Number of protein chains: 2
Amino acid sequence: MTLDEKIQKFKEWQFARSAYVMALGVVELDKMTIAPRGGDAYRDERIAYLSGELYSLSTKKEILDLFKELKDDEHVDFVIRRQCQLYYEEAMKNLVVPKEEFVSYQKLANESYGAWIQAKEKSDYSLFEPYLKQIVEAKKKMYSYRRKKENLYDQMLNDYEPGMNQEKYDAFFTAVRDRLVPLIQKVQATKQIEDGFLYKHYDVEKQKRFMDELLNYLHFDREWGYQNETEHPFTTWICENDVRITTKYLEDNVISAIFSTIHESGHARYEHQCSPDCDGNVLSEGISSGMHESQSRLVENYLGRTKAFWVNNYPKLQEIFPENLKDITLDEFMDAVNVGKPGLVRTEADELTYPLHIYIRYEIEKGLFNGTYTTENLNEVWNKMYKEILGVDVPGDKEGILQDVHWSSGDFGYFPTYALGSAYSAQFMEAMRKDINVEKELEENHFEGIMDWLKEHIHQYGCLYTPEEVMLKATGKPFDVNIYLDYLEEKYSKLYRL
Amino acid sequence: MTLDEKIQKFKEWQFARSAYVMALGVVELDKMTIAPRGGDAYRDERIAYLSGELYSLSTKKEILDLFKELKDDEHVDFVIRRQCQLYYEEAMKNLVVPKEEFVSYQKLANESYGAWIQAKEKSDYSLFEPYLKQIVEAKKKMYSYRRKKENLYDQMLNDYEPGMNQEKYDAFFTAVRDRLVPLIQKVQATKQIEDGFLYKHYDVEKQKRFMDELLNYLHFDREWGYQNETEHPFTTWICENDVRITTKYLEDNVISAIFSTIHESGHARYEHQCSPDCDGNVLSEGISSGMHESQSRLVENYLGRTKAFWVNNYPKLQEIFPENLKDITLDEFMDAVNVGKPGLVRTEADELTYPLHIYIRYEIEKGLFNGTYTTENLNEVWNKMYKEILGVDVPGDKEGILQDVHWSSGDFGYFPTYALGSAYSAQFMEAMRKDINVEKELEENHFEGIMDWLKEHIHQYGCLYTPEEVMLKATGKPFDVNIYLDYLEEKYSKLYRL
């Protein structure tokens, strides 16, 4: 085969792969949103079959040889080399694990998920502990097949955020803890902000009307995007011009659906604005969890929680809910949506306290894999840390160690990216401000101006570059946690008049 | 291979096939309902690829040999023999057409569809005529590859309704025309029923509220069914326990969405109640268009348009729309939803005049394939027949020959099944009434009683038997058009006091 023939063969393979990925994506999305539960088992069996076909397609010897050759051939276009490199790495990670091991892990993860559901319902960690123990052991074993010299947890961290390891995360979280814990204590000690009006009765149908207006403001075009409802909001993408977001409406909380929608729209925009080189292939599948989260957090917190954002939007919200908001000024509203207050539940945490929820999980995961902790009595470790770091008393496992689903399916190393993403955003914002007047764009209903900046400096690259490379390209310097912490300190000192 | 091994191989193949069918079904459904238009091209290219994979899977030599062997082996279970027979027939129909011919036909059909859209917009048949001409010729050529001795149009009719041909349809439609045309003329000549109140302003959100109640009454369980909105209502099924229906709401018509929902729920029920033998394979893919339509029409007209059905439902509708309905009695409502009045558009036609819309299309299709008509000036033939049969003047091609999409994609032989289905229903109802008290079941909110009868006598069989065999099993006699015509004559004579 000539090089051109090889490239042609690779492109045909990549197209075939994208067909399976598209179909599985739509079926999964349908399942998560509207599909009747009665058909779950039928569909799941067939999803498993098609996933198997995709797996075979992606791991057969002739295609692996092709990846191997093309990824290192300097006569090959950079985009194709990068694609081959990522496909090859992915295949290798999967192939080293013996198939029966892989299958038995899937089975264990299913059981573990069931046990987590039950344990959470009964708020009893002891029902989940035996499964968590097995999951940790199984995960260790699976990573050991890679025969790499790096520490196992480092490998896990690197899987979700290429380039990261414990050394870097330790430095990151130490800074976060050292600067935020005292800041939160100061905030706690001062006069609290009134935000009760956000939690009155807000008719869901009316919330949906506002959401339509908000999506227009966000230039979330229904030509390439669609919003649906789910129990847990998420974003998924079929291709550049087909991105779906979901949200959840609460009757007694007017900001929950709003900020979750703004958040998901940030994820959606990242995928919508990738370059055509990335569409329909591995380059559009998220460079890293942290980078993806940085784009959702940026829109949610750094844009969505500013007065400039709400100058146009708040009057519309007031008009729809005069009974609750007619006497609340824009400034009062802005203060209320920015309240910083330690709580028990990560998914409900505010911008200020959120990273500490993650810090606690990071420390526990690290301990589990490095031998400092075992799964036994891990709920007590959890509760102790929540008291120490956030100053809250955990009343039970349900609101404590059992609150998140991630560990039940063995997703260790994922949590830290949530905090990292928020921190990345601060540095991106600092760079953006050098080029454009963010407040002016927001006030003048010119959201696209900001999105264009993100496209040019971040989104278009997809997975062409590593997170570190993108950070350097977009901001001109390596990631610096202090930009994030300075931002939080300034924002909350001002808000609480410290 | 032993027989058991062959059967095992067949089952594995059938499972693989069902995975592709499931995925393509969900992707298609998503496209028809909520998917952003921007992603259409991307998804379509990949749908085409996966359809190609499915085609290859279903036509490779070793699997054809397997079908051929198993379908005629008397040691094989009847269900498997029937499955193999149907798969084999399907594959043969496809395989006889040369691939390039097949591809160029797809292209022509796409262009023809585009031309139809344009021509309809401009209400100008001459823009569509050249395409229709090519479509007819292409269709003739494709059928000629089958090298069967039967007349081409007979083969088309048989494809949609196994067992039917022109001889039988001629007898059917002659009876329909001879008895309904005079009946309609009599109805026209007498005092008309007041139904204007059905076409006032009806808030769509409120209509949706009623629809929820109606779906409950129909025992349309959200555990196995889901309703969505589309421009053109349809039903699709993923499996026995995952059946989707769609509807369309009109602001100035309260019965459009209601009866379309009742209609689609009949299709849905047919698929939901098939036997497990049929689930996930060719046996659940609709025994014939006519049988499927008989199940939707039965629920829509023979149940949904009766007073017993509305005894419980009308008060709810009145409660939601007091401004329009509080002074309208149940009897007045019943008369209004049963009005029989000739019109121009098939999809808006009532129970009485509907079959004559089909008769006209049948006559035209027959003429096109047997040489009586050509596509030239076919709109004039259309208009003349509408005047003759239904007594209406067609103002333009848009409301005339261009109203339906079917011919643009070459679906000849399909229309007649719409009328046949309605007629089948009458005979099923007659049989059902011998076993259960239909009115009592409806009045006492026991819709499942009727559905159970349909399951036992019709639905469970899926495609195990031909339409003729099912008719015989369910009603004890061959299909008799007069049962249908007697029913219409009696119903409309009474309604219009003839």
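Residues numbered from 1 in each chain as written. Chains lettered and ligands numbered in written order. Predicted model: local features only at pLDDT ≥ 70, side-chain atom pairs only at ≥ 80, totals over all residues. Heavy atoms only, no water.

Novice: Hey, could you run me through the overall build of chain A in this one?
Specialist: For chain A, the count of helices and strands is 21 helices and 3 strands. Taking 23 Å as the expected radius of gyration for a compact globule of 498 residues, we find that chain A reaches 23 Å, a close match to that expectation. Expressed along its principal axes, the backbone C-alpha trace of chain A runs to roughly 75 × 50 × 50 Å. Looking at chain A residue by residue over its 498 residues, the buried ones come to 57%. (Helix = DSSP H or I, 4+ residues; strand = E, 2+ residues; numbered from the N terminus. Rg over C-alpha atoms; globule rule 2.2 N^0.38 Å. Buried < 20%, exposed > 50% of the residue type's maximum accessible area, 1.4 Å probe, protein only.)

Novice: How do you make sense of the pairing of strand E3 (residues 242-247) of chain A when you look at a structure like this?
Specialist: Side-chain positions along a regular strand alternate between the two faces of the sheet. Residue and element names in this part refer to chain A. Taken across its 6 residues, E3 has 6 buried, putting it largely inside the fold. Neither face of E3 is exposed, since Asp 242, Arg 244 and Thr 246 on one face and Val 243, Ile 245 and Thr 247 on the opposite face are all buried. Of the strand pairs in this sheet, strand E1 (residues 225-229) and E3 are connected by 5 bridges, and their pairing is parallel. Looking at the pairing, Tyr 226 lines up with Arg 244 of E3. (Pairing = 2+ DSSP bridges.)

Novice: It is not clear to me how helix H11 (residues 289-303) of chain A should be interpreted in this structure. Could you clarify?
Specialist: Each α-helix turn comprises 3.6 residues. Residues three or four places apart therefore point the same way. Residue and element names in this part refer to chain A. For H11, which comprises 15 residues, the first-to-last C-alpha distance of 20 Å matches the rise-based estimate of 21 Å (1.5 Å per residue) to within 8%. Of all the bends found along H11, the most pronounced is centred on Arg 297 and spans about 35°. Most of H11 is tucked away: 15 of the 15 residues are buried. (Expected span 1.5 Å × (residues − 1). Bend = angle between axes of the 7 residues up to and from the residue.)

Novice: In this structure, what is going on with the side chain of His457(B)? I would like to understand it.
Specialist: Of note, His457(B) is situated in helix H19 (residues 447-457). Assessed through its relative accessible area of 15%, His457(B) is described here as buried.

Novice: Sorry if this is basic, but what is going on with the relation of the copies chain A and chain B here?
Specialist: For the pair of chain copies, the relating operation is a rotation around an axis with a shift along it. Once chain A has been moved 0.0 Å along the axis and rotated by 180°, it coincides with chain B to within an RMSD of 0.0 Å. The two molecules are tied by a two-fold rotation axis, judged by turn and shift. Nearest to the rotation axis, the C-alpha of Ala23(A) is located 2.9 Å from it, this being the minimum over chain A. Looking at chain A, 100% of its interface residues are interface residues in chain B too, so the copies touch through the same face. (Least-squares fit on C-alpha atoms with pLDDT ≥ 70 in both. Contact = heavy atoms within 4.5 Å.)

Novice: How should the sheet that holds E3(A) be read in this particular structure?
Specialist: Sheet strands line up and pair through hydrogen bonds in the backbone, either parallel or antiparallel. Residue and element names in this part refer to chain A. Ordered by their spatial adjacency, 3 strands build an open sheet running E1-E3-E2, and the pairing between neighbours is mixed. Of all strands in the sheet, those with a lone pairing partner are E1 and strand E2 (235-239), marking the two edges. Across the sheet, the mean angle from the axis of one strand to that of its neighbour is 20°, orientation sign disregarded. In this fold helix H1 (residues 3-33) packs onto E1, E2 and E3, with an angle of close to 150° to the strand it touches most, E2. (Axes fitted to C-alpha atoms, helices over the stretch in contact; angles between N-to-C directions.)

Novice: Before we go on, may I ask you to explain unusual backbone geometry in this structure?
Specialist: Trans is the common state for peptide bonds, and a negative phi is the common state for residues other than glycine. For Arg147(A), which is not glycine, the phi torsion reads 50° and is therefore positive. Mapped onto the secondary structure, Arg147(A) falls in the loop between helix H6 (125-144) and helix H7 (152-160).

Novice: Explanation requested: the side chain of Ser265(B) in the structure shown.
Specialist: Residue and element names in this part refer to chain B. Inspection of the secondary structure assignment puts Ser 265 in helix H10 (residues 254-272). Given the relative accessible area of 6%, Ser 265 is considered buried. Apart from residues lying up to four places away in sequence, Ser 265 is in contact with Leu 218, Ile 245 and Val 299.

Novice: Help me understand the interface of chain A and chain B in this model?
Specialist: Interface size is often expressed as the accessible area that is lost when the parts come together. Of the residues lining the interface, 38 residues belong to chain A; the matching set on chain B comes to 38 residues. Both faces combined, the contact of chain A with chain B buries some 3200 Å², and carbon together with sulfur accounts for 69% of it. When the area that chain A buries against chain B is broken down by residue, the three leading residues are Ile34(A), Pro36(A) and Tyr42(A), summing to 19%. Taken together, the links from chain A to chain B amount to 4 salt bridges. Across the pair Asp30(A) and Arg244(B) runs a salt bridge, and its minimum N-O distance is 2.7 Å. Every element with two or more residues in the side of chain A that touches chain B is listed here: H1, helix H2 (40-59), E1, E2 and E3 of chain A. The element that contributes the greatest number of residues to the side of chain A that touches chain B is H1(A), accounting for 10 residues. Counted by class, the side of chain A that touches chain B contains 19 nonpolar, 7 polar and 12 charged residues. (Buried area = accessible area lost by both parts, 1.4 Å probe. Salt bridge = Lys/Arg side-chain N within 4 Å of Asp/Glu carboxyl O. Nonpolar A, V, L, I, M, F, W, Y, C, P; charged D, E, K, R; others polar.)

Novice: For this particular structure, what's the right way to read a negative patch on the surface?
Specialist: Taken together, the side chains of Asp203(A), Glu251(A), Asp252(A) and Glu323(A) present a region of like negative charge at the surface. Judged by relative accessible area, which is 48%, Asp252(A) ranks as partly exposed. (Patch = residues over 30% accessible without salt bridge, like charges linked within 9 Å, V, L, I, M, F, W, Y side chains within 5 Å. Areas by Shrake-Rupley, 256 points an atom, 1.4 Å probe, with all protein chains shown as cover. Lys, Arg positive; Asp, Glu negative; His and termini not counted. Charge placed at Lys NZ, Arg CZ, Asp CG, Glu CD.)

Novice: Just checking my understanding: could you explain the sheet that holds strand E1 (residues 225-229) of chain B for this structure?
Specialist: Residue and element names in this part refer to chain B. Spatially, the 3 strands line up as an open sheet ordered E1-E3-E2, and their pairing is mixed. The sheet terminates laterally at E1 and strand E2 (235-239), the two strands that pair on one side only. This sheet shows a mean twist of 20° between the axes of neighbouring strands, independent of strand direction.

Novice: Which parts of the structure should I look at to understand the packing of aromatic side chains?
Specialist: Think of a pair of aromatic rings as described by two things: how far the centres are apart, and how the planes are tilted against each other in angle. Tallied over the entire structure, the rule returns 81 aromatic pairs over all chains. Each ring, one from Phe210(A) and one from Trp310(A), has its centre 6.1 Å from the other, and the planes form 10°; the classification is stacked. On the criterion of sequence distance, the pair formed by Phe210(A) in helix H9 (residues 204-217) and Trp310(A) in helix H12 (residues 307-320) is long-range, its members being 100 residues apart. Between Arg297(B) and the ring centre of Tyr354(B), over which it is positioned, the NZ or CZ distance is 4.1 Å. (Phe/Tyr/Trp six-rings, centres within 6.5 Å; stacked < 30°, edge-to-face > 60°. Lys NZ or Arg CZ within 6 Å of the ring centre and 35° of its normal.)

Novice: Even after reading the chapter, I still don't get the nonpolar core, so can you show me in this structure?
Specialist: A general tendency of soluble globular proteins is for nonpolar side chains to be buried together. Within the largest apolar cluster, 331 residues are counted, with the highest numbers of intra-cluster contacts made by Leu303(A), Trp310(A) and Leu303(B). Apart from the residues within four sequence positions on either side, Leu303(B) is in contact with Leu298(B), Phe309(B), Met429(B), Val438(B), Leu442(B), Phe447(B), Ile450(B) and Met451(B). (Core = buried A, V, L, I, M, F, W, Y, C linked by side-chain atoms within 4.5 Å.)

Novice: So what exactly am I meant to see when it comes to helix H9 (residues 204-217) of chain B here?
Specialist: All names here are of chain B. In a regular helix each residue adds 1.5 Å, so 14 residues correspond to 20 Å; H9 covers 20 Å between its end C-alpha atoms and thus fits that length. By the burial criterion, the buried members of H9 are Gln 207, Phe 210, Met 211, Leu 214, Leu 215 and Tyr 217. In a view along the axis of H9, the buried residues occupy a sector of 145°, so they form one face of it. Elements that come into contact with the buried residues of H9 comprise E1, strand E3 (242-247), H10, helix H12 (307-320), helix H18 (438-443) and H19. Its side-chain oxygen placed 3.2 Å from the backbone nitrogen of Glu 205, Asp 203 serves as the N-cap of H9. Of the residues one or two after H9, His 219 is the one with positive phi, at around 55°. (Arc of directions from axis to C-beta. Polar contact = N/O pair within 3.5 Å; in protein donor to acceptor, adjacent residues only side chain to side chain.)

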